[in-house]
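Below, each chain spelled out in residue letters.
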Amino acid sequence: MTDQAIALSPEPIRNTAAVAGQWKLIWWRFCRHRLALAAGVVIFLIYMVALFAEVLAPVSSQAYDSRYTYAPPQQLRFAGYDAAGQFHPLYVNGYSMKIDPIALSRNYVADPAVVIPVGFFVKGEPYRLWGLFDLDRHLIGPNEAGKPFYLFGADRLGRDVFSRTVHGTRVSMSVGLIGVAISLILGIILGGISGLYGGWVDDVIQRCIELINSIPTIPLWMGLAAAVPISADPILVYLWITVILSLIGWTDLARVVRGRFLSLKTEDFVIAAHLDGCSRMRIIWRHMVPSFMSHIIASVTLAIPTMILAETALSFLGIGLRPPVVSWGVLLQEAQNILAVSSAPWLFLPGLAVIVTVLALNFLGDGLRDAADPYEY
């Protein structure tokens, strides 16, 4: 057989797969899942938005201008001239205001005669990035500070919905991430103890899981969240909501871990660890958990959307996070008023961020679950 025929034959590929490790095989299978790859890119970008929210948002989450209450979204335009004949590569049109003589309300419409130049990395409202760096540059904004710039429109106080949505990304995504991290620790420890010890310990833990699962989720969330004092510090409320979601969300993962431990505890490598004198916790964390870590990663990825939706629902109902904390759920509280939504439908735009994030996380979780399946080819 010639060298070219050997190179083209599938035998080298099969030999490579035969000696590849578990994580490399999972990565190869995951790369074949195009939708999951695209979802992974979207989730990475969303977390970058959360990390650099102050840079990406044109203004802070609390900045307001009462002259532009319920101002509609402005459309970015390319290559135009102002009244003086000066060329601008990127700009938005200003507003002209009219008073409705019947409703006595202010109505804003785009005024083509008013050109507001827009630039990148413009100087604007100062901020402290990560509490370490004093900066005043924003990714996008009007070249002249103070000019109206509302890509997603304004709310009832004249606050920029786009900037608040960007800032809300940090809170909503971190609640999901921290909540799942706490649930992961509880699920692995309690599920591992239940599956490894068995007997009455297993019975007690499983009955506790069944008790928690038997209570309707939303009333349980509402009851626990309502116990948080209204006058509590916003940071304390954030921590309480995260803990509440974690204490309820660990049960499914614990059952998955228990099932895996029941099937693994009779394996030779676990018995060898017992005979070698390893403690129970060392056997759990150093020998058993790494053997099905890929399944845990897939389960965790699918659990994050549940946490995000739970925080959004609680905040929307007014018993979760509260102003001045900004999250997607807090922003959607503005959409509870039918009169406001009928005249300002752009208040629903933070909900679009929730939909995109939840769908992307579900697609990513499906791809990881398929890739981690040892029977998937």
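Because the structure is a prediction, the values reported are computed rather than measured.

Student: What is the right way to look at the pairing of strand S4 (residues 133-142) in this model?
Tutor: Within a regular beta strand, the side chains point alternately toward one face of the sheet and then the other, so they alternate between its two faces. Summarising the sheet, strand S3 (residues 106-129) and S4 pair through eight bridges and their orientation is antiparallel. Within S4, the position partnered with Gly119 by the bridge is Gly141. Linkage of S3 to S4, two consecutive antiparallel strands, is achieved through a turn of three residues, within which Trp130 is found at a positive phi near 60°.

Student: Explanation requested: helix H7 (residues 199-214) in the structure shown.
Tutor: Note on helix geometry: an α-helix contains 3.6 residues per turn, so any two residues three or four positions apart are oriented the same way. With 16 residues, H7 extends 22 Å between its outermost C-alpha atoms, agreeing within 8% with the 22 Å of an ideal straight helix rising 1.5 Å per residue. Of the positions making up H7, those classed as buried are Val201, Asp202, Ile205, Gln206 and Ile209. One side of H7 holds all its buried residues, which, seen down the axis, span an arc of 120°. Those residues of H7 that are exposed and aimed more than 90 degrees away from the buried face are Trp200, Leu211 and Ser214. For H7, the secondary structure elements touched by its buried residues are helix H6 (161-197) and helix H10 (251-264).

Student: I keep staring at the pairing of strand S2 (residues 87-99) and nothing clicks. Help me out?
Tutor: One ladder, built from four bridges, connects strand S1 (residues 77-81) with S2; its direction is antiparallel. When the sheet's bridge partners are listed, Arg77 is paired in S2 with Tyr91. Where S1 folds back onto S2 in an antiparallel hairpin, the turn is made up of five residues, including Gly85, whose phi is positive at roughly 85°. Across nine bridges, S2 lies against S3 in antiparallel orientation. Among the inter-strand pairings, Lys98 is bridged to a residue of S3, identified as Asn107.

Student: Just checking my understanding: could you explain the environment of Trp346 for this structure?
Tutor: Assignment of secondary structure puts Trp346 in the loop between helix H15 (338-343) and helix H16 (349-372). The class of Trp346 is buried, set by a relative accessible area of 12%. Once residues lying within four places of it in the same chain are set aside, the contact partners of Trp346 are Tyr70, Ala71, Pro72, Pro73, Phe152, Gly153, Ala154 and Val161. Polar side-chain contacts of Trp346 include one of 2.9 Å to the backbone oxygen of Ala154.

Student: Help me understand the sheet that holds S1 in this model?
Tutor: Where strands meet in a sheet, backbone hydrogen bonds hold them as pairs that are either parallel or antiparallel. Reading across from one edge, S1-S2-S3-S4 is the order of the four strands in this open sheet, with antiparallel pairing throughout. If you trace the sheet from one side to the other, it starts and ends with S1 and S4, each paired once. Sheet twist, expressed as the average angle between the axes of neighbouring strands with direction ignored, equals 55°.

Student: Teacher, can you tell me more about unusual backbone geometry here?
Tutor: The phi torsion of most residues other than glycine is negative, and most of the peptide bonds are trans. Look at Tyr70: it is not a glycine, yet its phi comes out positive at around 55°. Within the fold, Tyr70 resides in the loop between helix H5 (53-56) and S1. At Phe121, a position not held by glycine, the phi torsion is positive, near 55°. One can find Phe121 in strand S3. We classify Phe121 as exposed; its relative accessible area is 52%.

Student: Can you help me understand the packing of H7 against H10 in this one?
Tutor: Any two packed helices are characterised by how steeply their axes cross, that is the angle between the axes, and by the distance between the axes. Packing of H7 against H10 leaves a shortest axis separation of 10 Å and a crossing angle of 145°. Handedness of the H7/H10 crossing: left-handed. Contact with H7, carried on its side by Asp202, Gln206, Ile209, Glu210, Ile212 and Asn213, involves Thr251, Ala254, Arg255 and Arg258 of H10 and no other residues of that element. Partitioned by chemical class, the residues of the contact of H7 with H10 number three nonpolar, three polar and four charged.

Student: Sorry, what's going on with the packing of H6 against H7 here?
Tutor: H7 packs onto H6 with a crossing angle of 145° between their chain directions and a minimal axis gap of 7 Å. The element H6 and its partner H7 pack so that their crossing is left-handed. For the pair formed by H6 and H7, the contact residues are Leu190, Ile193, Ser194 and Tyr197 on the first element and Gly199, Val201, Asp202, Ile205 and Gln206 on the second. Looking at the contact of H6 with H7, its residues break down into five nonpolar, three polar and one charged.

Student: Whenever I open this one, the packing of aromatic side chains confuses me. Can you help?
Tutor: Aromatic ring pairs: the centre-centre distance and the angle between the two ring planes describe each pair. If you walk through the whole model with that rule in mind, you get nine aromatic pairs. Each ring, one from Tyr68 and one from Tyr150, has its centre 6.0 Å from the other, and the planes form 50°; the classification is tilted. One end of the pair, Tyr68, is in the loop between H5 and S1; the other, Tyr150, is in the loop between S4 and H6, and 82 residues separate them in sequence. Exposure class is identical for Tyr68 and Tyr150. Each is buried. Here the aromatic cluster, defined as three or more aromatic residues joined through ring pairs, consists of Tyr68, Tyr95, Tyr108 and Tyr150.

Student: How should the nonpolar core be read in this particular structure?
Tutor: In this structure, Trp221, Leu245, Phe261, Ile284, Met288, Leu321 and Trp328 are the most contacted members of the largest nonpolar core, which totals 62 residues. Once residues lying within four places of it in the same chain are set aside, the contact partners of Leu245 are Val175, Ser183, Trp221, Met307, Ala310, Glu311 and Leu314. With eleven residues, the next largest nonpolar core counts Ala53, Leu90, Ile140 and Phe149 among its residues.

Student: Would you mind showing me how to read the side chain of Asp155 here?
Tutor: Relative to the helices and strands, Asp155 is located in the loop between S4 and H6. Relative accessible area serves as the criterion here: at 2%, Asp155 is assigned to the buried category. From its side chain, Asp155 meets the backbone nitrogen of Leu157 in a polar contact 3.1 Å long. Asp155 has contacts with Thr69, Tyr70, Val161, Arg164, Glu334 and Leu347, leaving out every residue within four places of it along the chain.

About the criteria used
- Residues numbered from 1 in each chain as written.
- Predicted model: local features only at pLDDT ≥ 70, side-chain atom pairs only at ≥ 80, totals over all residues.
- Heavy atoms only, no water.
- Pairing = 2+ DSSP bridges.
- Helix = DSSP H or I, 4+ residues; strand = E, 2+ residues; numbered from the N terminus.
- Expected span 1.5 Å × (residues − 1).
- Buried < 20%, exposed > 50% of the residue type's maximum accessible area, 1.4 Å probe, protein only.
- Arc of directions from axis to C-beta.
- Contact = heavy atoms within 4.5 Å.
- Polar contact = N/O pair within 3.5 Å; in protein donor to acceptor, adjacent residues only side chain to side chain.
- Axes fitted to C-alpha atoms, helices over the stretch in contact; angles between N-to-C directions.
- Left-handed = near helix turned anticlockwise from the far one by under 90°.
- Nonpolar A, V, L, I, M, F, W, Y, C, P; charged D, E, K, R; others polar.
- Phe/Tyr/Trp six-rings, centres within 6.5 Å; stacked < 30°, edge-to-face > 60°.
- Core = buried A, V, L, I, M, F, W, Y, C linked by side-chain atoms within 4.5 Å.

Interpretation note: all reported values are geometric properties and have no functional meaning in isolation.
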